[in-house]
Amino acid sequence: MRPTRDQAWETLTRYTASESLRRHALAVEASVRFYARLYGEDEEFWGCVALLHDFDYEIHPTLDKHPQDGAPILREEGFPEELIEAALSHAEHLEMPRDTQLKKVLFACDELSGFVHACGLVRPTGIDGLEPKSVKKKLKQPSFAAAVNRDEVYRIRTGKNPLPRGTLDALCWKVQEGCAIFKSSVGSPSGTSAPRPCMAWWTTAFSPRRNSRRL
Ligand SMILES: [Fe+2]
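Residues numbered from 1 in each chain as written. Predicted model: local features only at pLDDT ≥ 70, side-chain atom pairs only at ≥ 80, totals over all residues.

**Q** Tell me about the nonpolar core, residues and numbers included.
**A** Val 32, Val 49, Leu 52 and Leu 106 are the most contacted members of the largest nonpolar core, which has 40 residues in total. Of all the elements in the fold, those that place two or more residues in this core are helix 1 (5-15), helix 2 (19-39), helix 3 (43-52), helix 5 (81-88), helix 6 (101-121) and helix 9 (167-185). The biggest single contributor to this core is helix 6, with 10 residues. The residues contacting Val 32, other than those within four sequence positions of it, are Trp 46, Gly 47, Ala 50, Val 105, Leu 106 and Cys 109. (Core = buried A, V, L, I, M, F, W, Y, C linked by C-beta atoms within 7 Å. Buried ≥ 20, exposed ≤ 12 C-beta atoms within 10 Å, placed from the backbone. Helix = DSSP H or I, 4+ residues; strand = E, 2+ residues; numbered from the N terminus. Contact = placed C-beta atoms within 7 Å.)

Shown next as C-alpha cells:
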C-alpha cells in the first residue's frame, strides 16, 4: 500500500498526544517535503516518513525501545517496509546505513528542526522572525545545542548532489513554516484531522540568485 498523509497523521496522533511532538513531526515533514520536491521525489511518501519517524516516542521514550519497537506497529498498520526502514534509520543507536537520499534528508531535517527550535528558546519571540542567518551563526558555535550533529546537517548540501545555493536558508524557513502550521492547527475541533501540509515551495528566502555567494 502507498501510504497517504491522512493515514500517517492518523497513526501519529493516535500514538502521540504531546503538542511538542506533533509540532516536531510537522516541522520535519515541512522540511523533508521541501527536499522531496527539490529532488523530484515522491513528496507524499517522504512526508509520511517524516510524520511517522518519532510516532512511538511517547509510548517508547527510551532508546532501548524507540524507534525499533515502533516498527512492528507500523507493519501491523500496513505501512510499507520502505517507509519503516527509512523511519528507523534516523536513530543513530541502530547504526543503520543512511544509504538513500531520503534517509540522509530525514536525519538532517530532524537535527535541524531540533536546532531551530533550540534557537527559538533563547529568543523572547521564539522562532517567530528568527532569521536563517542567526541559525547559521549558532550552528558555528559548537557549545550551543551541542547535541545537534552539525556534520549531518552540513552533509545534506555536500556529496554527489550538491544542493542549489540558498537551500539551508530555505530549510530554516520550512522548519518555521511547519511550526506555524502546527500553531494554526492547535485547537482544531477533533485534533485528529491533518493540518494542511506546507505548500509554499519558493519562499522569499529561497532565491538561488539572491543567495548566490554561499549556502
Ligand atoms: Fe525527530
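**Q** How would you explain helix 1 if you had to name every residue and give the values?
**A** For helix 1, the complete set of buried residues consists of Ala 8, Trp 9, Thr 11 and Leu 12. Down the axis of helix 1, the smallest arc covering the buried residues is 165°, so these residues share one side. Away from the buried face of helix 1 by more than 90 degrees, exposed residues Asp 6 and Arg 14 are located. Its buried side turned inward, helix 1 meets helix 2 and helix 3. (Arc of directions from axis to C-beta.)

**Q** I'd like a rundown of the environment of Ala 108, residues and numbers included.
**A** With respect to the helices and strands, Ala 108 occurs in helix 6. Given 26 C-beta atoms within 10 Å, Ala 108 falls into the buried group. Linking Ala 108 and Val 28, residues 80 residues apart in sequence, is a C-alpha distance of 9.3 Å.

**Q** Break down the packing of helix 3 against helix 6 for me, citing the residues and quoting the values.
**A** Their axes nearest at 11 Å, the elements helix 3 and helix 6 cross at an angle of 45°. Taken as axis vectors, helix 3 and helix 6 run oblique relative to one another. For helix 3 against helix 6, the interelement crossing comes out right-handed. Judged by residue contacts, Trp 46, Val 49 and Ala 50 of helix 3 engage Leu 102, Leu 106 and Cys 109 from helix 6. By residue class, the composition of the contact of helix 3 with helix 6 is six nonpolar, no polar and no charged. (Axes fitted to C-alpha atoms, helices over the stretch in contact; angles between N-to-C directions. Parallel < 35°, antiparallel > 145°, perpendicular 65-115°, else oblique. Left-handed = near helix turned anticlockwise from the far one by under 90°. Nonpolar A, V, L, I, M, F, W, Y, C, P; charged D, E, K, R; others polar.)

**Q** How would you summarise unusual backbone geometry if you had to cite specific residues and measurements?
**A** Of note, the bond from His 66 into Pro 67 is cis; its omega dihedral lies within 30 degrees of zero at -5°. The backbone of Glu 95 sits at a positive phi, close to 50°, despite the residue not being glycine. Mapped onto the secondary structure, Glu 95 falls in the loop between helix 5 and helix 6. One non-glycine residue, Ala 145, lies in positive phi territory at about 45°. The class for Ala 145 is partly exposed, based on 19 C-beta atoms found within 10 Å.

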